[in-house]
Amino acid sequence: MTDTFEKIEDIEIRLLLQALYDRYHYDFRNYAMASIKRRLRQARERMGFATISAIQERVLHDPAMLPQLLGYLTVQVSEMFRDPNYFRAIREHVVPHLRTYPSLKVWIAGCSAGEELYSMVILFREEGLEERTIFYATDINQDALHAAETGIYDLDRLKVFTENHRKSNGKSSLSDYYSSGYARASFDKSLRQNVVFSDHSLVTDAVFGEMHLISCRNVMIYFDRVLQDRSVGLFKDSLVRKGFLGIGSKESLRFSEHAPAFDDFVREEKIYQRAAR
Ligand SMILES: C[S@@+](CC[C@H](N)C(=O)[O-])C[C@H]1O[C@@H](n2cnc3c(N)ncnc32)[C@H](O)[C@@H]1O
């Protein structure tokens, strides 16, 4: 790839991201550039456009193309009980604190197709906390949110989900929560009875409420430092004092200006506690 081509591509990407913001209020302008570039190149190739400017032209005039483009711009990789030790740590260290509250609010930010949400609801049910809890599941990707609301997954993913659940010290069998047919696993609708699904962006939207636990894993890795800071600020303002924040295993609060508002709680699993100060 020539220098000139790369320079033009950078301009095109900048213009496309600005257009998406001005037209639809989706703001990818401060996402980590290397990953955005990779994804837009992939989108251009797979959607059959000659240039990124051509994508811009089309998406500006055709809102129906937006979901497809968002599918490329957001990464939807997830698993139930992903990183089982994280859920084990929630179970062993966070749950005993949560038990002391008569009612609870839990926010799964960047919930993708619901894998992390259902994991948390099942864990709360196993620990006898589900009935006193409201779960908020948010994402910017409408297709992902819709998938989360239906709770249906390809059956071939269940082997890994089941193994993860077991490793998280699950107290029941995952198969208690779904029925299968037509190569799909359909999770019981009772798991959604205390769940509010909502479109919410960590980049453009405001504080969410008084949460006792926020789990936001593998979302901020796609942001630059400014956006990571904004998100951590949102979490700080959305947590009750002594509330908990869990982030992804490869993420850290260390560089955030809001870091002093959090204490390490389970360091190796990146679970923090909002300081009482
Ligand atoms: C890799 S998935 C993580 C799913 C799950 N939390 C996990 O760890 O398995 C990243 C999710 O973040 C969402 N996302 C991206 N930008 C976002 C934003 N600004 N606000 C909220 N969610 C966002 C994506 O749509 C995607 O569903």
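Shown above is the structure to which this text applies.
Every chain is numbered on its own, with residues counted from 1 as its sequence reads. Whole-chain, interface and lining totals are the exception, using all residues; otherwise, since this is a predicted model, local features are given only for residues with pLDDT of at least 70 and side-chain atom pairs are given and counted only at 80 or more. As a rule here, side-chain values cover all heavy atoms of the structure and leave hydrogens and water aside.

Caption draft 1: Here's a closer look at the side chain of glutamine 273. Under the scheme used here, helices are H or I runs from DSSP no shorter than 4 residues and strands are E runs no shorter than 2 residues, and both carry numbers assigned from the N terminus. Structurally, glutamine 273 is set in strand β10 (residues 271-274). With a relative accessible area of 12%, glutamine 273 lands in the buried category. Whether two residues are in contact is decided by their heavy atoms, any of which lying within 4.5 Å being enough. Look past the residues within four positions of glutamine 273 in its chain and what remains in contact with it is Lys242, Gly243, Phe244, Ala261, Phe262, Asp263 and Phe265. With a 1.4 Å probe rolled over the protein chains alone, any residue whose accessible area is under 20% of its type maximum counts as buried; one over 50% counts as exposed, and the rest are partly exposed.

Caption draft 2: Region of interest: the sheet that holds strand β7 (residues 211-216). Strand order in the open sheet made by the seven strands is β6-β2-β1-β7-β8-β10-β9, with mixed pairing throughout. Of all strands in the sheet, those bounded by a partner on one side alone are β6 (195-199) and β9 (262-266). Strand-to-strand twist across the sheet, computed as the mean angle between neighbouring axes with direction ignored, equals 20 degrees. Summarising the sheet, β9 and β10 pair through four bridges and their orientation is antiparallel. What sits directly across from aspartate 263, in β10, is glutamine 273. Strand pairing follows a simple DSSP-based rule, namely that at least 2 bridges must link the two strands. Interaxial angles span 0 to 180 degrees and are taken between N-to-C directions of axes, which are lines fitted to C-alpha atoms, for helices over the stretch in contact.

Caption draft 3: Spatial organisation of the site of the ligand. We call a residue near a molecule or strand as soon as one heavy atom of that residue lies within 4 Å of the molecule or strand. The environment of the ligand is made up of 21 residues, and the closest members are Tyr31, Ser78, Arg82, Glu116 and Asp139. Residues adjacent in sequence count toward polar contacts only when both atoms are side-chain atoms; beyond that, a polar contact is any pair of N or O atoms within 3.5 Å, and within protein one must be able to donate a hydrogen and the other to accept it. Within the side chain of tyrosine 31, a nitrogen or oxygen atom sits 2.6 Å from a nitrogen atom of the ligand. Interatomic distance of 2.8 Å between a side-chain N/O atom of asparagine 218 and an oxygen atom of the ligand. We get accessible surface area from the Shrake-Rupley algorithm with a probe of 1.4 Å; when it comes to residues, only the shown protein chains can shield them. Protein contact buries 99% of the 600 Å² of open area that the ligand shows by itself. Each residue receives one of three labels: charged for Asp, Glu, Lys and Arg, nonpolar for Ala, Val, Leu, Ile, Met, Phe, Trp, Tyr, Cys and Pro, and polar for the others, Gly being one of them. When its residues are assigned to classes, the shell around the ligand shows eight nonpolar, nine polar and four charged.

Caption draft 4: Up close: the packing of aromatic side chains. Under the pairing criterion, centres of Phe, Tyr and Trp rings, with the six-membered ring standing for Trp, must be within 6.5 Å; the plane angle then separates stacked pairs below 30 degrees from edge-to-face pairs above 60, leaving the rest tilted. Here the structure, examined in full by the defined rule, presents 14 aromatic pairs. Considering the side-chain rings of tyrosine 31 and phenylalanine 223, the 4.9 Å spacing of their centres and the 65 degrees angle between planes classify their relative orientation as edge-to-face. One end of the pair, tyrosine 31, is in the loop between α1 (3-24) and α2 (33-47); the other, phenylalanine 223, is in the loop between β7 and α9 (225-238), and 192 residues separate them in sequence. The exposure class assigned to tyrosine 31 is buried, which follows from its relative accessible area of 10%. Overall, phenylalanine 223 belongs to the buried group, its relative accessible area being 5%. Each ring, one from tryptophan 107 and one from phenylalanine 235, has its centre 5.6 Å from the other, and the planes form 75 degrees; the classification is edge-to-face. Separated by 128 residues along the polypeptide, tryptophan 107 in strand β1 (residues 104-109) and phenylalanine 235 in helix α9 bring together distant segments of the chain. Like tryptophan 107, the residue phenylalanine 235 is buried in the burial classification. Clustering of aromatic rings is evident, with ring pairs tying together Tyr118, Tyr153, Phe161, Tyr178 and Phe187.

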